[in-house]
Each structure stands twice: as structure tokens, then as C-alpha cells.
Amino acid sequence: MVESIARVRQIRITPQKARRVIDLVRGKNAQEALAILKFAPQAAAEPIFKLVASAIANARVKADKENLRLNEDELVIARAYVDEGTTLKRFRPRAQGRAFRINKRTSHITVVLQSADEFAASKGAK
């Protein structure tokens, strides 16, 4: 029925920290995931919350465009993953005239929502 994708690119969160938060919500109901992310203490939870909300809005727009009925409570996070983005390289002065490199890592985060019946069918096919 409806599969929607939302992506955020070049976000200034390290991929390792973002993956910790994504692992909390992968495979969960979208509304449940929003509740989990709202109260998660990690800093990466806020942009991922916005990303899941955006994916829900994308599903709503896609369903309206295709004249389909969409129940937002049936949407499931089918796939969610974090890829490594570019690394900003900065230098800090250190003792005795040395320079120390600081890597400021970025992430590309992708969330794919599917309706619950599609998700169950794809799980059964695997």
C-alpha cells in the first residue's frame, strides 16, 4: 500500500551515537517510536523524532496523492539505518607547538515506513 521514505543528510551527529537511538525504534510502530524518541535522553533523539514525523507526513501525502485510505496507527518503521557522512577535520593547538586533529563526524539517516500488513508480508518472505 504505502511506503514512505524520509532522509536527513549531513547532520552533525556521529553515526555511532545516532545508531544507538535508531536501534531503539527499528521495527516499532511509528506512533510508539515517536513516544520513545520524545523521552529518550540522547541528543540524537530530537532530529530522529523529527525525521520519523516527516516520514509519517510523507506517507500521508503519498496516500492522498494515490487516493488511498491511510491509518497512521498502522505505520511501522520497516527499515532505519545510519550511514557515515563527510568528516570535518579541525585542528586544536596542543603543547609545545603541536597540533591535534579533531574529527567532527556527520551522518546520513534514513527511515522507511510501511503499513503493518506489508511489513508482516515482507518479514514472512524472508
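To keep things clear, this report deals only with the structure shown in the data block. (Residues numbered from 1 in each chain as written. Predicted model: local features only at pLDDT ≥ 70, side-chain atom pairs only at ≥ 80, totals over all residues. Heavy atoms only, no water.)

On a plain count of helices and strands, the chain comes out with four helices and three strands. Each helix (α) and strand (β) of the chain, taken in turn from the N terminus, gives the series β-α-α-α-β-β-α. Referenced to the eigenvectors of the C-alpha coordinate spread, the extents of the chain come out at roughly 65 × 30 × 25 Å. For the chain, with 126 residues in total, the buried portion stands at 33%. Restricting to contacts in the chain with at least 6 residues of sequence separation, those with at least 24 account for 72%. Working note: accessible area of the chain is about 8000 Å², and carbon and sulfur atoms make up 50% of it. On the chain, the mean spot of the 25 positive side-chain charges and the mean spot of the 13 negative ones are 16 Å from each other. (Helix = DSSP H or I, 4+ residues; strand = E, 2+ residues; numbered from the N terminus. Buried < 20%, exposed > 50% of the residue type's maximum accessible area, 1.4 Å probe, protein only. Contact = heavy atoms within 4.5 Å. Areas by Shrake-Rupley, 256 points an atom, 1.4 Å probe, with all protein chains shown as cover. Lys, Arg positive; Asp, Glu negative; His and termini not counted. Charge placed at Lys NZ, Arg CZ, Asp CG, Glu CD.)

Ordered by their spatial adjacency, three strands build an open sheet running β1-β3-β2, and the pairing between neighbours is antiparallel. Since the sheet does not close on itself, it has two edges, and those belong to β1 (3-11) and β2 (75-93), each with one partner. Strand after strand, the sheet turns through a mean of 10 degrees between neighbouring axes, direction not considered. Where β1 meets strand β3 (residues 99-115), seven bridges bridge the pair, whose relative direction is antiparallel. Bridging across to β3, A6 finds its partner in V111. (Pairing = 2+ DSSP bridges. Axes fitted to C-alpha atoms, helices over the stretch in contact; angles between N-to-C directions.)

Here β2 runs beside β3; their pairing, made up of 16 bridges, is antiparallel. When the bridges of β3 are listed, D83 appears paired with H108. In textbook terms, the turn of a hairpin is the stretch between consecutive antiparallel strands, and for β2 and β3 this stretch comprises five residues, one of which, Q96, has a positive phi near 60 degrees.

Turning to the environment of R101, a few remarks are in order. Within the secondary structure, R101 is located in strand β3. Residue classification places R101 among the partly exposed residues on the basis of a relative accessible area of 46%. Residues R101 and D64 lie 37 residues apart in sequence; the distance between their C-alpha atoms is 50 Å. Those residues in contact with R101, other than ones at most four positions away along the chain, are K89, R90 and F91. Separated by 3.4 Å, the side chains of R101 and N103 make a polar contact. (Polar contact = N/O pair within 3.5 Å; in protein donor to acceptor, adjacent residues only side chain to side chain.)

Okay, the pattern of salt bridges next. Counted under the stated rule, the structure contains four salt bridges. R105 is the salt-bridge partner of E84, the closest N and O atoms lying 4.0 Å from each other. On the criterion of sequence distance, the pair formed by E84 in strand β2 and R105 in strand β3 is long-range, its members being 21 residues apart. (Salt bridge = Lys/Arg side-chain N within 4 Å of Asp/Glu carboxyl O.)

This brings us to a positive patch on the surface. Taken together, R12, R90, R92, R94 and K104 make up a surface patch of like positive charges. On the secondary structure map, R92 appears in strand β2. (Patch = residues over 30% accessible without salt bridge, like charges linked within 9 Å, V, L, I, M, F, W, Y side chains within 5 Å.)

This part takes up the packing of aromatic side chains. Within this structure, the stated rule accounts for zero aromatic pairs. The side chain of R94 reaches across the aromatic face of F100, ending 5.2 Å from its centre. (Phe/Tyr/Trp six-rings, centres within 6.5 Å; stacked < 30°, edge-to-face > 60°. Lys NZ or Arg CZ within 6 Å of the ring centre and 35° of its normal.)

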